[in-house]
Amino acid sequence: MGLAKGIFVVDTHVHAQRHAFQLQTRDVDSEFSALGMGMHSVNTYSNADRLLYHMDRYGVDVCVIMPAFAMTNEIDKEIVKKHPDRFAALVWDVETKKNATDGKAPWTLKAALEEVERELDTGMYVGIGEGIPGRGGRDKTWSERFEEICQFMELARKYKVIITYHSGFPAGYAGGLGLASSQGHYENDHANPFLVGEVAAAYPDVNIILEHAGIEGTGYRTDIYEQCLAVARSHHNVYLECGQWWAELYERPLKDPNLGCERLVWGTDWGAASTPQSWMPGCVPETFCDQNINIGLPAHQIDIYGWALREVGRLNIPQDDLNMILGGNACRIMNIKTPYTRLFKQYIKK
């Protein structure tokens, strides 16, 4: 087993900000319970220097950074401005969410759309994410949520950027804090990837990344992963983020003629959400990402790159195929510049 090396490596799922936070006990059906995460931010700051150290140690050329709970678009923009050759960014409705959290204004679709479009107008973003913006709570049917999603898909189409669709949900200590089970949009969107098929069919010209592809610190469960494969093989514009997969999970999509290496993008969730690995000697998987409730919240910067690159490095596939997974597909669908042309396989359609 060795670390995978690529001609140009892109991590498509990174959080370059850190923050202290305070846990709060709140009504999960409230208008917007601390960004849907049960947390209040304290002192959010750039973690780019530590991230660059990890990138340089492991040969990661570019990271696609995105805000999550209690993070900001502004900090990500400053990181991209300072290191334009190392970072690209996704936009999220963080200001609208924060206003709702702080009780300044309720979350509204109109405000979220205006915020996202205002940011996209700057030309500094390659996509929308983490996940498709939305308000937490259990009061929306899928039909109502689908109408919301379509309006963000329209923005992705207008600005010719990718959009991410979150799949899977955390377990262990994170699940215990109510990050998944307390929010209805997790129940509707995250836990049922089949729903993204409707979105992909309605917008065949917009590329969608299924974040985590069903594996998000959930231990060795694979039920949502199975659903993600089924959706992606039916829609040419759906890509699978595979950075938290153990090696055996790569085999099925690589053998599938409707998927292959061309539909996999590497993304690890590096940063504030980096997930520790657990170990089951002699089992399959032997190591896997798991937010272990017995260990509790980690105090150090978890090294997800070492494990993730070892797992993909176990694949005995052509190097040009590996290069597509580790960076080529991301560069193509996000228009990320490389130092040279013709680094990746080209596919000529008749």
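Values in this document were obtained by computation on a predicted structure and should not be read as measured data.

In this section: the pattern of salt bridges. Taken as a whole and judged by the stated rule, the model has 17 salt bridges. Between Lys77 and Glu119 there is a salt bridge, with its nearest N and O atoms 3.1 Å apart. Here Lys77, found in helix H2 (residues 73-82), pairs with Glu119, found in helix H4 (residues 109-120); they are 42 residues apart in sequence, far enough to count as distant. Judged by relative accessible area, Glu119 falls into the buried class, the value being 8%. The closest approach of N and O atoms between Glu95 and Arg118, which form a salt bridge, is 3.7 Å. With Glu95 in helix H3 (residues 94-101) and Arg118 in helix H4, the pair connects residues that are 23 residues apart, well separated along the chain. Here Glu95 falls in the partly exposed class, since its relative accessible area comes to 46%.

Below, the discussion takes up the pairing of strand S5 (residues 87-91). For S5, the buried fraction is high: five of the five residues fall into the buried class. Covered by surrounding structure in S5 are Phe87, Ala89 and Val91 together with Ala88 and Leu90, the residues of both alternating faces. By the bridge criterion, two bridges tie S5 to strand S6 (residues 127-128) in an arrangement that is parallel. Residue pairing in the sheet places Leu90 in a bridge with Gly127 of S6.

H4 packs onto H3 with a crossing angle of 140° between their chain directions and a minimal axis gap of 8 Å. Taken together, the residues of H4 that come into contact with H3 (itself represented by Val94, Glu95 and Thr96) are Ala111, Ala112, Glu115 and Arg118.

Okay, the nonpolar core next. Residues Leu51, Ile65, Leu240, Trp245 and Tyr305 are the most contacted members of the largest nonpolar core, which totals 98 residues. Those residues in contact with Ile65 that lie beyond four places of it in its chain are Val14, Ala16, Leu51, Asp76, Ile79, Val80, Phe87, Ala88, Ala89 and Leu90.

Attention now goes to the packing of helix H9 (residues 223-232) against helix H10 (residues 247-255). Between H9 and H10, whose axes approach to 11 Å, the crossing angle comes to 20°. Taken together, H9 and H10 sit at an angle that is classed as roughly parallel. Along this stretch, H9 crosses H10, giving a crossing that reads as right-handed. Contacts between H9 and H10 pair Tyr225, Glu226 and Leu229 from the former with Leu249, Arg252 and Pro253 from the latter. Split into classes, the residues belonging to the contact of H9 with H10 amount to four nonpolar, no polar and two charged.

Another point: the environment of Gly328. Relative to the helices and strands, Gly328 is located in helix H12 (residues 319-334). A relative accessible area of 5% places Gly328 in the buried class. Sequence separation between Gly328 and Ile7 is 321 residues; the distance between their C-alpha atoms is 8.9 Å. When residues no more than four places from it in sequence are discounted, the contact partners of Gly328 are Asn323 and Phe344.

Cis geometry is adopted by the peptide bond preceding Glu130, which originates at Gly129 and carries an omega value of 25°. With respect to the element layout, Glu130 can be found in the loop between S6 and helix H5 (142-159). Here Val284 and Pro285 are connected by a cis peptide whose omega angle stands at 0°. Mapped onto the elements, Pro285 comes out in the loop between strand S11 (277-279) and strand S12 (287-289). One non-glycine residue, Asp269, lies in positive phi territory at about 70°. Following the sequence through the fold, Asp269 ends up in the loop between strand S10 (264-265) and S11. Residue classification places Asp269 among the buried residues on the basis of a relative accessible area of 2%. Its identity as a non-glycine residue notwithstanding, Asn335 has a phi of 55°, on the positive side. For Asn335, the position within the fold is in the segment after H12. On the basis of relative accessibility, which here comes to 62%, the residue Asn335 falls in the exposed class.

Scoring rules and cut-offs
Residues numbered from 1 in each chain as written. Predicted model: local features only at pLDDT ≥ 70, side-chain atom pairs only at ≥ 80, totals over all residues. Heavy atoms only, no water. Salt bridge = Lys/Arg side-chain N within 4 Å of Asp/Glu carboxyl O. Helix = DSSP H or I, 4+ residues; strand = E, 2+ residues; numbered from the N terminus. Buried < 20%, exposed > 50% of the residue type's maximum accessible area, 1.4 Å probe, protein only. Pairing = 2+ DSSP bridges. Axes fitted to C-alpha atoms, helices over the stretch in contact; angles between N-to-C directions. Contact = heavy atoms within 4.5 Å. Core = buried A, V, L, I, M, F, W, Y, C linked by side-chain atoms within 4.5 Å. Parallel < 35°, antiparallel > 145°, perpendicular 65-115°, else oblique. Left-handed = near helix turned anticlockwise from the far one by under 90°. Nonpolar A, V, L, I, M, F, W, Y, C, P; charged D, E, K, R; others polar.

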